[in-house]
Structures are given as structure tokens and as C-alpha cells.
Amino acid sequence: NAGVTQTPKFQVLKTGQSMTLQCAQDMNHEYMSWYRQDPGMGLRLIHYSVGAGITDQGEVPNGYNVSRSTTEDFPLRLLSAAPSQTSVYFCASSYGGDQETQYFGPGTRLLVL
Amino acid sequence: GESVGLHLPTLSVQEGDNSIINCAYSNSASDYFIWYKQESGKGPQFIIDIRSNMDKRQGQRVTVLLNKTVKHLSLQIAATQPGDSAVYFCAEGMNYGGSQGNLIFGKGTKLSVKP
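Chemist: Looking at this model, I keep getting lost on the sheet that holds strand β1 (residues 4-7) of chain A. Mind explaining?
Modeler: Two strands in a sheet stick together by hydrogen bonds in their backbones, pointing the same way (parallel) or opposite ways (antiparallel). Residues and elements named next belong to chain A. Pairing within the open sheet is antiparallel, and its four strands lie in the order β1-β3-β8-β7. Only two strands of the sheet have a single neighbouring strand rather than two, namely β1 and β7 (64-66). Between one strand axis and the next, the sheet turns by 20° as a mean value, whatever way the strands run. In this sheet, strand β8 (residues 76-78) lies alongside β7 in antiparallel orientation, the contact comprising three bridges. Each bridged residue has a counterpart across the sheet, and for Tyr64 the counterpart in β8 is Leu78.

In C-alpha cells form, the structure reads like this:
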């Protein structure tokens, strides 16, 4: 299994540009989530999904959209990038009934100029 | 609001010594707690978890202690090795009718192991 994969690894955007961060898992996990990590802070939940077709907001959802059309994929969209969205983004997944073991991807480093 | 925090932002220990990383939480309704290890440039890696109805759980070289009276969580690492150098996060979560609950992470403690 590849586990949780994220692309791209690095991205530089200009303010106002849009982009999609990709996340995929091959473990047939029901639950997937997106976090952002800023310097000196822990991870903060952006959006999550408990299964295909179901998404919900986390702690910091503003400026981000998600969709879950398949079990494997959970893309995160930035509609109009802002410098405040400069961060490292992590995708995670877990079995629906196994809340503890969330598997994290390697992260996407995003810089918004 | 609810928060999960850490008492010590940095911890430096000698190789072979035991390490103790602390975490305070404020949500008494949390159902479980997790410790993650994050190495530089990588995503968090699950270490160990504990449910709210337990006060101690042991893994390989690691022990997590939960004190619900004072809302305190700790991670003990025995015989700390250079490979243990990383940032350690505690996180808390709640079960919602059997479905995944959201994790709330603390800010992290950086553990440095001196050879």
C-alpha cells in the first residue's frame, strides 16, 4: 500500500490564484481530513469527510472547499489564495471505526505571495 | 473554548535517559487522547493512544498516563534514543455516535536527544 499520498509537495501561488491540493489513500479508509500546520502551532482541522459524498467543516474552513466523490480521493481547493493560507497542509485518513489511528500524508508546503 | 496545550515547548535529554512530555487538556468530555511524533519534513506519525476510561497504557518503550482529575496527559519514553528526536503532539478527540470525531491538537513539544 502507498498509504496516504499528497501532491504537490511544494507550491507557490500569487494572491488570488486558485489551486487544488490532491490527497489519495489506498487503504479503503472511510474517514479523511485536511489539516493545516503553521509555525509554532499544532495541526488545525480544515475539513473532513466520514465517507464518500459526505463532507463537513472543521475548525478553520474559510477559504477552502472540499469534495469526496470517491472513497480514495479527498481534494482540497483554494478558491482565491491569500497570504494567510501560507502553511503546510496535511491530509489524513482512518478507518471509520478506528478513530485513534489516523494516517498522515507527507504534506504540501504552500507559499502564497 | 476548549484547548489542548503543552507545559514545555522544548525538552533536551541525554541519550539513554527517560523523557517525559506533558500535555494539558480542558475538554473533560474527550473520549480519547493520542500522541503523535513528527519528524522534520514529515507528517505526524501515530505513537500511542489512550481512552478516557483508562489511566495508563504501555507500548514499546512508551507509556501514556492520563490523569482526568487534573486533566493532564503525559508521554514517557524509556531509554531515549537519537531517533526519538522530533516534535511530539498530543491530540484529543470525541466519538460522535460511532463516527469519526475531530482531533484537536496541542502546539507540540520539541524533543532533542543529546548523544
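Chemist: How should the state of the cysteines be read in this particular structure?
Modeler: Disulfides are covalent bonds that connect the sulfur atoms of two cysteines. Tallied over the full model, the rule gives two disulfides over all chains. At a sulfur-sulfur separation of 1.8 Å, the disulfide partner of A:Cys23 is A:Cys91. Between A:Cys23 and A:Cys91 the disulfide shows an S-S torsion of about -70°. By sign, it is left-handed. Residue A:Cys23 is found in strand β3 (residues 19-25), and its partner A:Cys91 is found in strand β9 (residues 87-94); the two are separated by 68 residues along the sequence. Grouping residues by exposure puts A:Cys23 and A:Cys91 together as buried. Covalent S-S linkage joins B:Cys23 and B:Cys90, the inter-sulfur distance amounting to 1.9 Å. Disulfide B:Cys23-B:Cys90: the torsion about the S-S bond is 60°, which places it as right-handed. Taken together, the residues B:Cys23 in strand β3 (residues 19-25) and B:Cys90 in strand β9 (residues 86-93) connect sequence positions 67 residues apart. In terms of burial, B:Cys23 and B:Cys90 fall into one category: buried.

What counts and how
Along each chain, residues carry numbers from 1 onward, in the same order as the chain's sequence is written. Labels are handed out in written order, letters beginning with A for the chains and numbers beginning with 1 for the ligands. Selection of residues for local features in this predicted model requires a pLDDT of at least 70, selection of side-chain atom pairs for listing and counting requires 80 or more, and totals for whole chains, interfaces and linings are taken over all residues. As a convention, hydrogens and water are excluded, and side-chain values are obtained from all of the structure's heavy atoms. Any two strands with at least two DSSP bridges between them are considered paired. For the purposes of this entry, the term helix denotes a DSSP run of H or I that reaches at least four residues, the term strand denotes a run of E that reaches at least two, and both are numbered from the N terminus. Each axis is a line fitted through C-alpha atoms, taken for helices only over the stretch in contact, and angles between the N-to-C directions span 0 to 180 degrees. When the sulfur atoms of two cysteines come within 2.5 Å, that pair is taken as a disulfide. Type-normalised accessible area, obtained with a 1.4 Å probe on protein chains alone, sets the label of each residue: buried when under 20%, exposed when over 50%, and partly exposed for intermediate values.

Don't take any of this as a statement about function, it's just geometry.
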